[in-house]
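One letter stands for each residue in the lines below.
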Amino acid sequence: MTTQGTGRTSGPVLRLPEPPAELRRRRVSIPTVLKFFGPGAIIASLTIGSGESILASREGAVFGYAVLWAVVVGSLAKGALVYASNRHITLTGEHPMTRFAKVLPGPRGWFPLLLAVICLASFPGWASGVAVALGDYLESLGAGNGTFYAVGVLVFAAALSYVGGYVLLEKVQVVIAGLMVVLVLVAVFVARPDWLGVLGGLVPGDLDYAPFVSDKYPEIVSTSVWVELVVFMGGLGGGMYDYIGYTGMLREKKWGMLGHREIDAIGHQLSAMDDHDRIPLSTEPEDVAAARAWSRAPMFDMLAAFLAVGVIAAAFMINGATILGEQQQVPEGNDVLTFQSQFLAVVAPVFEYFYIVAIVMVLFGTVYAVWEVYSWTTYESVAAISEKVRARGQRGIRPYVYAWTGIGSLLAIGSGAGFVALITPASILGGVFACGIYGAGLLYVDKVNLPPEYRMSTLLRALVAAGSLFLTVAGIVAMLAFVGVIA
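First, a word on scope: everything that follows refers to the structure included in this document. (Residues numbered from 1 in each chain as written. Predicted model: local features only at pLDDT ≥ 70, side-chain atom pairs only at ≥ 80, totals over all residues. Heavy atoms only, no water.)

### Re empty space enclosed by the protein
The criterion, for reference: Cavities and pockets were defined on a 1 Å grid built from protein atoms only: a cavity is a group of points that admits a 1.4 Å probe but offers it no way out, a pocket is an open group of points flanked by protein on both sides within 12 Å along at least five of seven lines, and a lining residue is one with an atom within 4 Å of any such point. Grid points are joined across faces, edges and corners, and a volume is the space filled by probe spheres set on the points. The way it works is that DSSP assigns letters per residue, a run of H or I at least four long becomes a helix, a run of E at least two long becomes a strand, and they are numbered from the N terminus.
Inspection of the entire model under this criterion finds two cavities of 30 Å³ or more. Of the pockets and cavities examined, the second largest cavity occupies roughly 50 Å³. For the second largest cavity, the full set of lining residues is Ala84, Arg87, His88, Leu442, Val445, Asp446, Leu450 and Met456. Only helix H4 (68–92) and helix H20 (419–449) provide two or more residues apiece to the lining of the second largest cavity.

What follows is the structure, given as structure tokens:
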């Protein structure tokens, strides 16, 4: 076994395929960015219905503009983490989880196993939470029993995802969700927020609930402000239960080394490496230049996804502060989606009816998408430590993931808990804490296993390091507050 300082490489030198001409151009165009906006679109669409329309609106209502900084910090921290992860698989053809299983100090495979346990524990909370939110909303419209709808949506979305349907519906949903987002952005300006307050909210300061919350919503006040905020940050742009699968889904894009004609042989070569050997990537100038060009594909995908996430979350939060806060209304209990129709109504009353269609489509799209993403997350986590799972492939383990998520979600729905209660543990643990420790793992393997020419830039390392530290500490503090160890 070699040490980190030796810099030894193992096996034949690896060269990435020739990148598309668009990725070599210095000038970045919008069509080029959109061309490589793929898996990120799935992750962004996953959170519009829950992380943005519910949680961002709620934070704006209970905190005012004071927590807008959390949108910026959360988007930067998670965006850097996602890019570093997707960059690694693009340049090496190997998922970071596979590298974690071999390289990180301690018992072999302990880190991917820990992340797998956190993700599996988080799946039912988020799937059931979104289904319950949609069911409660339909009940508030007088359409029938909310629990019945929650179960129906969950089962129907799982079945549709399993057989591969929803293609036409998905296209319609994208158009409707896009229009809703545009209207919410317009509503920000129509509602005339306090722009000085908005700017002030970009700087962290004292954190406390708005005065009306203690009078009208004592249950919320009984929750630590840090727990409330971290739950939002966990829902912002997704969590580790999404990102591990997000990285794995790049296999279908065949970017970089993933598109190499001998990718299977490369995988065997990398798995045979000693723990601290450097991945034998060619350091010839033309090959390093090709790697830099390929690294732009996941960067464009991430930038488009998290710019969208950040802007949408900020818009919902500002509207939550301006419109809901002024009316002393908070999305909570069985009304986590009801009040937000006012965001569209300020543009024109007719859009309040459009909101009904849009939010139903968006929430159903979220429940539909989680099944495939969770299957990829489970596969990449467990395949890193199990040859049997690798041999089965992602499709081979889908029935088990669907069964685990489905049964757990049905039990959670049967408990009668509301959206916030269902997602809180998953959001803190999988949406914040797990992201923090995953980022630390990325920094380690980047330093140990990649040749210097292929490592993260100084700026990216700084963003991943700062983001990982923040998310880890925030997750730990929120967990301690959630269980009552600290106030």
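### With respect to unusual backbone geometry
Phi at arginine 192 is positive, roughly 55°, even though this residue is not glycine. Looking at the element boundaries, arginine 192 is found in the loop between helix H8 (167–190) and helix H9 (195–200). Despite not being glycine, lysine 254 has its phi angle at roughly 60°, a positive value. Note on placement: lysine 254 falls in the loop between helix H13 (240–249) and helix H14 (263–271).

### Focus: the nonpolar core
Convention followed: For the purposes of this section, nonpolar cores are sets of buried Ala, Val, Leu, Ile, Met, Phe, Trp, Tyr and Cys residues that join through side-chain atoms within 4.5 Å. To sort residues, take the accessible area from a 1.4 Å probe on protein chains only and compare it with the maximum for the residue type: under 20% means buried, over 50% means exposed, and anything in between is partly exposed. Pairs of residues are marked as contacts when any of their non-hydrogen atoms sit within 4.5 Å.
Of all hydrophobic cores here, the largest spans 136 residues; its most connected members are Met180, Phe232 and Met240. Sort the elements by how many residues they give to this core and helix H18 (residues 351–383) lands first, with 16 residues. Excluding residues that lie within four positions of it along the chain, methionine 240 makes contacts with Leu81, Leu115, Cys119, Thr377, Gly430, Ala434, Cys435 and Tyr438.

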